[in-house]
Amino acid sequence: VGRAEPYAQVIAIDKVLTADTLLAYGMNREPLPVDHGFPLRAIFSGWGGNTAVKWLGRITVSKKKLPHATFQARQVMTGPDIAKPMLATVGHVRSALELDEGTTLDPGDIVLRGRAWSGANAITSVDVCVEKLVAPGSWKPVWTPAWRPAQLLAKPEPLVWARFEIPWSGVEPGRYRIMTRARDESGNVQPRPEDVVWNQQGLGYNGHAPLEVMVGVPTMMP
């Protein structure tokens, strides 16, 4: 059996030398956990986790342009609607609810909470859409208009997760699906799943896919 090649990334020097590129050895004032890359991990702000090499063992600097590393060469975005193949680097604008798929909620007044982030700039807004299953395969928005703006819980900052929340009042039992759509200061907006630009490896997917939840009768406490 051949020896596996260590994971590596080739990073342009202008990104390496930016002030917020880090060699991280700690997290939350504790040594970096093993699953996060102990003892050392490279962090390139705004870029996807695929570039953040864990368990860093060696750094090589070259005056000559280096070819892509083996694994990195598989992280090139190509497809019929992509004019020029490009590396997956800057993270696309995304958002997600702080709920698991299939969660059961109690009816009544609910506050939906989540987080949004972008590798390009600060998050400026998040909209939320809730739909109810009214017949097999048929969903109907519970609000008019279908999308409502959520409240950002802190002043937006570049490259920082933005927490958000939105009230959902008078919720009746049933099956629902919820979508969140974020926008950043650079004008990037989460697309509909069907509008995501297809690429060969499925890299950087950020469509506002629905999350399904159930609302049922509250459990009676003894």
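Fair warning: this is a prediction, and the values are worked out from it, not measured in the lab. (Residues numbered from 1 in each chain as written. Predicted model: local features only at pLDDT ≥ 70, side-chain atom pairs only at ≥ 80, totals over all residues. Heavy atoms only, no water.)

Participant: Could you give me a rundown of unusual backbone geometry, with the residues and numbers involved?
Facilitator: With the exception of glycine, most residues fall at negative phi, and the peptide bonds are largely trans. For the peptide bond that leads from Phe38 to Pro39, omega is 10 degrees, which places it in the cis range. As for its placement among the helices and strands, Pro39 is situated in the loop between β3 (30-31) and β4 (41-43). Pro145 follows Thr144 through a cis peptide bond whose omega is -5 degrees. Take Pro145: it is sitting in the loop between β11 (138-141) and β12 (147-149). Here the phi dihedral of Arg29 falls at roughly 65 degrees; this positive angle occurs in a residue that is not glycine. Note that Arg29 resides in the loop between β2 (26-27) and β3. Unusually for a residue other than glycine, Leu159 sits at a positive phi of about 65 degrees. (Helix = DSSP H or I, 4+ residues; strand = E, 2+ residues; numbered from the N terminus.)

Participant: How would you explain the pattern of salt bridges if you had to name every residue and give the values?
Facilitator: Under the defined criterion, the tally for this structure stands at 9 salt bridges. The salt bridge partner of Glu98 is Arg115, with a shortest N-O separation of 2.8 Å. Placement of Glu98 in the loop between β7 (94-97) and β8 (104-105) and of Arg115 in strand β9 (residues 108-117) is noted, with a sequence separation of 17 residues between them. Among the residues examined, Glu98 registers a relative accessible area of 35% and is labelled partly exposed. Put simply, Glu98, Arg115 and Arg163 are held in one network by salt bridges that share partners. (Salt bridge = Lys/Arg side-chain N within 4 Å of Asp/Glu carboxyl O. Buried < 20%, exposed > 50% of the residue type's maximum accessible area, 1.4 Å probe, protein only.)

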